Amino acid sequence: MNVSRSGYYEWLNRPISNRDQENTKLTKMITEIFIQNRNIYGTRRISKKLSENDIFISRRRIGKLMAIAELTCKTKRKFKVTTDSRHNKIISPNLLDRKFDVASPNKYWVGDITYIPTSGFVILVVSF
């Protein structure tokens, strides 16, 4: 690694810097705030909570400390309505009319679409 032996041992025995000590304290505080608020607080809310305790640091630094501590907030997507009953378009007639008992197979075919939300993407399940 092209490092002298004396330089390595000096680095090994060097005391922890003030900045690293401060980062350790801040990371503990950020983690506590994050966990107390169900893992949904991001840098803005954490910054606001810290400022209530007279600790003023930038959101960027909070973000870096959260990344090092592997804290990622859960984001909730806004609910989007996928069906709209109030329209003036043609509505298909209900041919089945709740007659679920049939005498022979392949007389009625029905289908369904189900959206299954997961982290990151949505799975679309189509069944017949």
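Shown above is the structure to which this text applies.
Report follows, based on the coordinates. Residue numbers run consecutively from 1 along every chain, following the written order of its sequence. Owing to the predicted nature of the model, reporting of local features is limited to residues with pLDDT of at least 70; listing and counting of side-chain atom pairs is limited to 80 or more, with chain, interface and lining totals taken over all residues. Side-chain numbers here rest on the full set of heavy atoms in the structure, without hydrogens or water.

1. Some remarks on the pattern of salt bridges
For clarity, the threshold we go by: Within this document, salt bridges are pairs made up of a side-chain nitrogen of Lys or Arg and a carboxyl oxygen of Asp or Glu, the two lying within 4 Å of each other. The secondary structure listing takes helices from DSSP runs of H or I that are at least 4 residues long and strands from runs of E that are at least 2 residues long, numbered from the N terminus.
Tallied over the entire structure, the rule returns two salt bridges. Of the charged contacts, one joins E22 and R61 as a salt bridge, the two residues approaching to 3.6 Å between their closest N and O atoms. Remark: R61 occurs in helix α4 (residues 59-68) and E22 occurs in helix α2 (residues 18-36); sequence separation between them is 39 residues.

2. Some details on the nonpolar core
A general feature of soluble globular proteins is that nonpolar side chains tend to end up buried together. Stated precisely, the cut-off is as follows: Only buried residues count toward a nonpolar core. Its members are Ala, Val, Leu, Ile, Met, Phe, Trp, Tyr and Cys residues joined through side-chain atoms within 4.5 Å. Accessibility here uses a 1.4 Å probe with only protein chains present; expressed as a share of the type maximum, an area under 20% marks a residue as buried, one over 50% as exposed, and anything in between as partly exposed. Should any heavy atoms of two residues lie within 4.5 Å, those residues are counted as being in contact.
Counting residues in each nonpolar core, the largest one holds 12 residues, listed as L26, I30, I33, F34, Y41, I46, L50, I57, I62, L65, M66 and L71. Of all elements in the fold, only α2, α3 (43-52) and α4 reach the threshold of two or more residues within this core. Of all the elements, α2 adds the most residues to this core, at four residues. Those residues in contact with L50 that sit more than four places away from it in its chain are M29, I30, I33, I55, I57 and I62.

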